[in-house]
Amino acid sequence: MDKFSQELYQIIIDHTPELVSAFGLFMGFYIAGLVVKKVINSLSLTKHLNPAIVRLLGRTAKNLLILLGLITALGTLGVDVSAMVAGLGLTGFALGFALKDILSNLISGILILLYEPFKLNDSIVVDKYEGKVVDINLRYTTISQAGNDVLVPNSFLFSKPISVNKS
């Protein structure tokens, strides 16, 4: 073995306890994320909650726990995570500004699914669009208009007056 390989081997041996602890912490958070997602998803079966919102909450909770586990594991290894957390905040701000239209549609979609101003198969009129609602998701609502499907962004629906004819 050359000198570099011996030094690398010694570093790995010296830091094995920290590596094992960091890996164990991360796996614990990962498994906790999967369990929390499963518990949240099971809520849609027991209560009358919108499945799309429940799935979104489950995925968000899982991803946040995994991110928290990664940051905790890196902190265990001696990495300065305060700079990383600050960088995540700035990155989140920049992404939020760059993706403001997509985020606006997403939040509007969540609010439409929560408040249910209209439901599937309702006939609605909003601005120049008139037709039957055939799908509602987090990004847009599909309206069947004269044989054509029109994808209307949820932020548009949330900001315009809507006339609803219940079916």
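## Quick notes on the packing of aromatic side chains
The full count for this structure, using the stated rule, is two aromatic pairs. On the basis of an interplanar angle of 80° and a centroid distance of 6.0 Å, the ring pair of Tyr 129 and Phe 156 is categorised as edge-to-face. Of this pair, Tyr 129 sits in strand β2 (residues 129-136) while Phe 156 sits in helix α6 (residues 154-159), and the two are 27 residues apart along the sequence. When its relative accessible area of 22% is taken as the criterion, Tyr 129 is described as partly exposed. For Lys 100, the ring lying beneath its charged end belongs to Phe 97, and the centroid distance is 5.8 Å.

## Brief notes about the packing of helix α3 (residues 51-76) against helix α5 (residues 100-115)
Their axes nearest at 9 Å, the elements α3 and α5 cross at an angle of 130°. By the angle between their directions, the pair α3 and α5 is classed as oblique. Listed contacts from α5 to Ala 52, Ile 53 and Leu 56 of α3 are Ile 110, Leu 113 and Leu 114. Looking at the contact of α3 with α5 residue by residue, the classes come out as six nonpolar, no polar and no charged.

## With respect to the side chain of Asn 154
Mapped onto the fold, Asn 154 is located in helix α6. Since its relative accessible area comes to 0%, Asn 154 is described here as buried. Each residue touching Asn 154, except ones within four places of it in the same chain, is listed here: Asn 105, Ser 108, Gly 109, Ile 112, Asn 137, Leu 138, Arg 139, Tyr 140 and Thr 141.

## Some remarks on the nonpolar core
Ranked by internal contacts, the top residues of the largest apolar core, which has 15 residues, are Leu 113, Phe 118, Ile 124, Ile 136 and Leu 157. Elements that contribute at least two residues to this core include exactly α3, α5, β1 (123-126), β2 and β4 (148-153). Of all the elements, α3 adds the most residues to this core, at three residues. What Ile 136 contacts, discounting residues up to four positions off in sequence, is Ile 112, Leu 113, Phe 118, Lys 119, Leu 120 and Thr 141.

## A few points about the sheet that holds strand β5 (residues 162-165)
Read from one edge of the open sheet, five strands run β4-β3-β2-β1-β5, paired in antiparallel fashion. Edge positions in the sheet fall to β4 and β5, since each of these pairs with one other strand and no more. Strand-to-strand twist of the sheet, defined as the mean angle between neighbouring strand axes without regard to direction, takes the value 40°. In the sheet, β1 pairs with β2 via four bridges, with the strands oriented antiparallel. Bridging from a neighbouring strand, Val 126 pairs with Tyr 129 of β2.

## Section: the side chain of Thr 141
Take Thr 141: it is sitting in strand β3 (residues 140-145). Side chain to side chain, Thr 141 and Asn 154 meet in a polar contact 2.8 Å long. Once residues within four sequence positions are removed from consideration, Thr 141 is found in contact with Phe 118, Val 133, Asp 135, Ile 136, Val 150, Leu 151, Val 152, Asn 154 and Leu 157.

## Describing the environment of Leu 64
Within the element layout of this structure, Leu 64 appears in helix α3. Sequence separation between Leu 64 and Gly 75 is 11 residues; the distance between their C-alpha atoms is 16 Å.

Here is what the cut-offs are and how they apply
- Residues numbered from 1 in each chain as written.
- Predicted model: local features only at pLDDT ≥ 70, side-chain atom pairs only at ≥ 80, totals over all residues.
- Heavy atoms only, no water.
- Phe/Tyr/Trp six-rings, centres within 6.5 Å; stacked < 30°, edge-to-face > 60°.
- Helix = DSSP H or I, 4+ residues; strand = E, 2+ residues; numbered from the N terminus.
- Buried < 20%, exposed > 50% of the residue type's maximum accessible area, 1.4 Å probe, protein only.
- Lys NZ or Arg CZ within 6 Å of the ring centre and 35° of its normal.
- Axes fitted to C-alpha atoms, helices over the stretch in contact; angles between N-to-C directions.
- Parallel < 35°, antiparallel > 145°, perpendicular 65-115°, else oblique.
- Contact = heavy atoms within 4.5 Å.
- Nonpolar A, V, L, I, M, F, W, Y, C, P; charged D, E, K, R; others polar.
- Core = buried A, V, L, I, M, F, W, Y, C linked by side-chain atoms within 4.5 Å.
- Pairing = 2+ DSSP bridges.
- Polar contact = N/O pair within 3.5 Å; in protein donor to acceptor, adjacent residues only side chain to side chain.

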